[in-house]
Amino acid sequence: MVKRVLAGQSGGLLLTSPGLKDAPVLDLMCSHFVLTLAARQGPTFNARRDLNSVISLAGRHLVWPGHVLERVREFLARRCATNEAWRGHEALSGPDFLVKYGTWRGPYEEGTLFFYIDEYAKDQPKDLIALLAATGEWLTQTLKKQSTLVEKNIDALAGLLQLNRAERALLLYGTLARYQRELRSILVEFKVNNAPEAYAALAQVAGVNASEVGEALRAGSRLERIGLVENLISEHNITDLADLMKVSEKLPPVLMREYRDQAELMAVFTRPSSKSSLTLNDFSYVEDDAQVLCRLLGNAVARKEAGVNILLYGPPGTGKTELAKVVAEAAKLELFEVEYADRDGNSLSGRDRYRSLQIAQVFLKGSEQAALLFDEVEDVFPPISSEAAQLLARAEQVAAPSNGSVNGKAWVNQILESNTVPTIWVTNRIEQIDPAFRRRFAYHLELKSPPPGAREGVVRKTLQGIEVSDAFVARLTSRKGLTPAQIRTAVRFAGLVGSQTPSDDAPLPTESPIEKLIERQLKNADLALGSKADQSPARRMVTQYDLSMLNIESRFEIPASLKRSRPAAMVRCVFMARPAPAKRLWASTLPPRLTNHSSSSRPAT
């Protein structure tokens, strides 16, 4: 391998270690970071004590001043006079000597000079300090000419998020610490007496103000709120520089990828939502609410109002997500969607999705016509049991327990009150959201199963271009909870299968194969999802007993009251008793139209 012999600024020769020319730039940056920290320590850096930790990272990137290497070789000639592995090394030129004995293979390889370097440092520490200084200066000059992908992405991210120099430096150094494991262990060796001293050390390397570093690393800082740093520790617990390397583990993979433009980088956290094939006419059954939502979104953007959040809730299949897309388009806004998966297709946790929401808010802050869609938000809020959810629905002053789904109730409240981009939140289970959060939404809209007329319009629009009969449309319309996505999936299945007849069933009628295939797929999907298109038959009574033997405490005669209730009324009953099957059996004796019931046993108090 050809070695480069360079002239130092002082006029002396500099000899580079083997492989330095082809070393990865990020590796060079890690070594440069550590060497700069060591140089900034001045007299505090003890070559006899601290050399080994620094050499363990920078040993493969050393740049040797000619006079230092010459004195090291004189020392080795005396020290290894009887060692066969070192015979004849005196005759080698400087570059050839480094090729044979200066390649880093760890500190315990006896056939390299690094096996003896700490021993030499005890007698000549200034030579080793000169070696580290020359290496640091050479890396400084070399890295000025190179720009890494990580640095480019940090610059792009800084432009989108309006990060200052201190915040950029923290992202860079934190990413290096995530990239190079040895770097983090070395930073542990850089002890500090207090947090300001740690901030000052890092600020010196980055060339920024120490107060800016402290501000960027305090709890609740902008970097923490948007999830770029995490697990920050309090100032009085900071003991070394490794305590400042708190970049989120999700960030380095993002920064180490190549992006075509800023929009592609932003798409890691948020992306334009797909367009809906529906229009406001398809939601005529909530026409007034839809118009209100259009005006709310449009005026919020025009007036730059903060804290505008809309909560759409209801059972699955009622068109919540489609309505969000429709009203945003009607308000002439570009709708962006908070990501639910990373670039590798792995689903994001509730905490990560919430942080993506925060970053998306910052990204879109400068956009004039933008809104956000945050779908399936149940996993963002702390989960609560079904019993606790019912209690919270009736007693809003009870707080929901937190399990770390998000970074605390105060942060969620803050974004609900101060987010600059209007956001539409969509959930299937509103009872999972603490009332303390619910009351902060600007508007709430419950979507129930559309009436038959509206469902028919959606079915026909989804089946547009497919030749089906009116009777088939009517059958699909009668299926409550059937979504356009399910219909499209069934249509795609039918198109792929064509008119072929499955071998495990009777031949399909030739007059309408597409309808039969669609219905077949929907029927099997119902079974897989645990739902049935037809009403389940009533459970057969297998136990006979005298109802008069039951000890029932109630202010009213329950069966008589239920019989007198309106046919369309929703009636809820709660039966409480010690664990036993009597509650369910007694419920089965009630009027037949109460076909859906559930029970919960809890000890009497």
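Reading guide: rules and limits
- Residues numbered from 1 in each chain as written.
- Predicted model: local features only at pLDDT ≥ 70, side-chain atom pairs only at ≥ 80, totals over all residues.
- Heavy atoms only, no water.
- Helix = DSSP H or I, 4+ residues; strand = E, 2+ residues; numbered from the N terminus.
- Buried < 20%, exposed > 50% of the residue type's maximum accessible area, 1.4 Å probe, protein only.
- Contact = heavy atoms within 4.5 Å.
- Areas by Shrake-Rupley, 256 points an atom, 1.4 Å probe, with all protein chains shown as cover.
- Arc of directions from axis to C-beta.
- Polar contact = N/O pair within 3.5 Å; in protein donor to acceptor, adjacent residues only side chain to side chain.
- Pairing = 2+ DSSP bridges.
- Salt bridge = Lys/Arg side-chain N within 4 Å of Asp/Glu carboxyl O.
- Axes fitted to C-alpha atoms, helices over the stretch in contact; angles between N-to-C directions.
- Left-handed = near helix turned anticlockwise from the far one by under 90°.
- Nonpolar A, V, L, I, M, F, W, Y, C, P; charged D, E, K, R; others polar.
- pLDDT = per-residue confidence, 0-100.
- Parallel < 35°, antiparallel > 145°, perpendicular 65-115°, else oblique.

## A look at the overall build of the protein chain
Phase 1 of the analysis: Of the regular secondary structure elements, the protein chain holds 26 helices and nine strands.
Phase 2 of the analysis: Every one of the 605 residues in the protein chain was classed for burial, and the buried ones make up 45%.
Phase 3 of the analysis: The long-range fraction of contacts in the protein chain, counting pairs at least 24 apart against all pairs at least 6 apart in sequence, stands at 72%.
Phase 4 of the analysis: For the protein chain, the exposed area adds up to about 32,800 Å²; of that, 50% sits on carbon and sulfur atoms.

## A look at unusual backbone geometry
Phase 1 of the analysis: Positive phi is not limited to glycine here, since K304 has a value of about 55°.
Phase 2 of the analysis: On the secondary structure map, K304 appears in the loop between α15 (287–302) and β5 (309–313).
Phase 3 of the analysis: Notably, K332 is not glycine yet its phi reads approximately 60°, a positive angle.
Phase 4 of the analysis: Residue position: K332 is located in the loop between α16 (320–330) and β6 (334–338).

## Digging into helix α21 (residues 452–462)
Residues three or four positions apart in an α-helix share a direction because the helix packs 3.6 residues into each turn.
Phase 1 of the analysis: By the burial criterion, the buried members of α21 are A454, R455, V458, V459 and T462. Along the axis of α21, the buried positions cluster into a sector of 135°, meaning they face one direction only.
Phase 2 of the analysis: Each element contacted by the buried residues of α21 is listed here: α22 (470–477) and α23 (484–497).

## Description of the side chain of E264
Phase 1 of the analysis: Inspection of the secondary structure puts E264 in helix α14 (residues 262–266).
Phase 2 of the analysis: Classification of E264 by relative accessible area gives buried; the value is 18%.
Phase 3 of the analysis: A polar side-chain atom of E264 sits 2.6 Å from the main-chain amide nitrogen of R260.

## Brief notes about the environment of L372
Phase 1 of the analysis: As for its placement among the helices and strands, L372 is situated in strand β7 (residues 370–374).
Phase 2 of the analysis: On the basis of relative accessible area, L372 is assigned to the buried category, the value being 0%.
Phase 3 of the analysis: For the pair formed by L372 and P422, sequence separation is 50 residues and the distance between their alpha carbons is 6.3 Å.

## Re the pairing of β6
Phase 1 of the analysis: Most of β6 sits inside the fold, with four of its five residues counted as buried.
Phase 2 of the analysis: Direction of pairing for strand β4 (residues 270–272) relative to β6: antiparallel, over a ladder of three bridges. Bridge pairing links R271 to E337 in β6.
Phase 3 of the analysis: Where β6 meets β7, four bridges bridge the pair, whose relative direction is parallel. Across the sheet, L335 pairs through a bridge with A371, a residue of β7.

## Quick look at the pattern of salt bridges
Phase 1 of the analysis: If you walk through the whole model with that rule in mind, you get 17 salt bridges.
Phase 2 of the analysis: We note a salt bridge from R460 to D470, for which the minimum N-O separation is 3.2 Å. One end of the pair, R460, is in helix α21; the other, D470, is in helix α22, with ten residues separating them in the sequence.
Phase 3 of the analysis: Residue classification places D470 among the exposed residues on the basis of a relative accessible area of 55%.
Phase 4 of the analysis: When salt bridges with common partners are traced through the structure, they connect E456, R460 and D470 into a single cluster.

## Topic: the packing of helix α2 (residues 47–58) against helix α6 (residues 125–144)
Packed helices, taken two at a time, are described by the angle between their axes plus the distance between the axes.
Phase 1 of the analysis: With their axes 11 Å apart at the nearest point, α2 and α6 run at an angle of 35° to one another. In this structure, α2 meets α6 at a crossing whose hand is left-handed. Mapping the contact onto sequence places A47, R48, L51, V54 and I55 in α2 and P125, L128, I129 and L132 in α6.
Phase 2 of the analysis: In terms of residue class, the contact of α2 with α6 is made up of eight nonpolar, no polar and one charged.

## Describing the pairing of β5
Phase 1 of the analysis: Of all five residues in β5, five are buried; the element is thus mostly enclosed.
Phase 2 of the analysis: Summarising the sheet, β5 and strand β8 (residues 423–427) pair through five bridges and their orientation is parallel. Bridge assignment links I310 to a residue of β8, and that residue is I424.
Phase 3 of the analysis: Relative to strand β9 (residues 443–446), β5 runs parallel, the two sharing four bridges. If you follow Y313 over to β9, its bridge partner there is E446.

## With respect to the confidence of the model for the protein chain
Phase 1 of the analysis: Within the protein chain, residue pLDDT values average 80, and 78% of them lie at 70 or more.
Phase 2 of the analysis: At the low end of the mean pLDDT range in the protein chain sits helix α18 (residues 386–394), at 42; at the high end sits helix α8 (residues 165–179), at 95.
Phase 3 of the analysis: Low confidence marks residues 534–538, where pLDDT is under 50. Its contacts with residues over four positions away, or in another chain, come to one contact.

## Quick word on the packing of helix α7 (residues 149–161) against helix α17 (residues 350–363)
Phase 1 of the analysis: Viewed as axis vectors pointing N to C, α7 and α17 meet at an angle of 75°, and their least axial separation amounts to 8 Å. For the element pair α7 / α17, the angle class is roughly perpendicular. Across the interface between the two elements, L157, L160 and L161 from α7 touch I359, V362 and F363 from α17.
Phase 2 of the analysis: Its residues assigned to classes, the contact of α7 with α17 comprises six nonpolar, no polar and no charged.

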